[in-house]
Amino acid sequence: MAALVNVPPKAKRGAVIEIKALMSHIMEPGYRRTAAGELIPRDIITSFSCRFNGAEIFRADLFPAISANPFMSFFTIATESGKFEFEWIGDNGFVANAAANITVE
């Protein structure tokens with residue numbers, strides 16, 4: 001599974017910036033059946049979080065109704081230069097991470 005994050009590389013101090021994150025994941029809800037009638041096991045991302053310089057700034061709990069390849073978009077204020085760290089956690093031991101840096105002028 002691949003993660004794609006979009007963080008502006010530079011921003012002015014005090015500017016509102018948009019952070020975007022996309023996770024490639026099938027998000028099988030556990031309600032569907034195969035052609036043979038067998039239940040397809042649930043396999044979803046259950047949580048997404050973003051930290052900036054170690055402090056959590058965004059968190060979302062996800063449920064079976066979320067579509068495949070979930071996309072998150074949120075806003076924050078550029079206060080200082082630093083590192084965004086993203087984490088997706090899901091069923092069956094799924095964990096994915098990504099990171100991006102920003103320079104605040």
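Look above for the structure.
Criteria and thresholds
Residues numbered from 1 in each chain as written. Predicted model: local features only at pLDDT ≥ 70, side-chain atom pairs only at ≥ 80, totals over all residues. Heavy atoms only, no water. Pairing = 2+ DSSP bridges. Helix = DSSP H or I, 4+ residues; strand = E, 2+ residues; numbered from the N terminus. Core = buried A, V, L, I, M, F, W, Y, C linked by side-chain atoms within 4.5 Å. Buried < 20%, exposed > 50% of the residue type's maximum accessible area, 1.4 Å probe, protein only. Contact = heavy atoms within 4.5 Å. Phe/Tyr/Trp six-rings, centres within 6.5 Å; stacked < 30°, edge-to-face > 60°.

Trainee: Explain the sheet that holds strand S5 (residues 55-61) here, please?
Mentor: Hydrogen bonds between backbone groups are what pair the strands of a sheet, and the pairing can be parallel or antiparallel. The five strands are arranged S2-S8-S7-S4-S5 in an open sheet whose pairing can be described as mixed. In this open sheet, the two edge strands, each paired with only one partner strand, are strand S2 (10-11) and S5. Bridge count for S2 against strand S8 (residues 95-104) is two bridges, and the pairing is parallel. In the strand pairing of S8, Lys10 is matched with Thr103.

Trainee: Quick question: what am I supposed to make of the nonpolar core here?
Mentor: Across soluble globular proteins, nonpolar side chains show a tendency to be buried alongside one another. If you look at the biggest cluster of nonpolar residues, it comprises 26 residues, and the most contacted ones within it are Phe84, Phe86 and Trp88. Every element with two or more residues in this core is listed here: strand S3 (16-23), strand S4 (45-52), strand S6 (71-77), strand S7 (82-90) and S8. The element best represented in this core is S8, accounting for five residues.

Trainee: Which parts of the structure should I look at to understand the side chain of Ser49?
Mentor: Relative to the assigned elements, Ser49 resides in strand S4. Classification of Ser49 as buried rests on a relative accessible area of 4%. Contact partners of Ser49, with chain neighbours within four places excluded, come to Glu56, Phe58, Arg59, Glu85, Phe86 and Glu87.

Trainee: I would appreciate a short explanation of the packing of aromatic side chains in the present structure.
Mentor: Taken as a whole and judged by the stated rule, the model has seven aromatic pairs. On the numbers, 6.3 Å between centres and 20 degrees between planes, the contact of Phe48 with Phe86 is stacked. Of this pair, Phe48 sits in strand S4 while Phe86 sits in strand S7, and the two are 38 residues apart along the sequence. We note that Phe48, like Phe86, is buried. Linked through ring pairs, Phe48, Phe52, Phe58, Phe74, Phe84, Phe86 and Trp88 together constitute an aromatic cluster.

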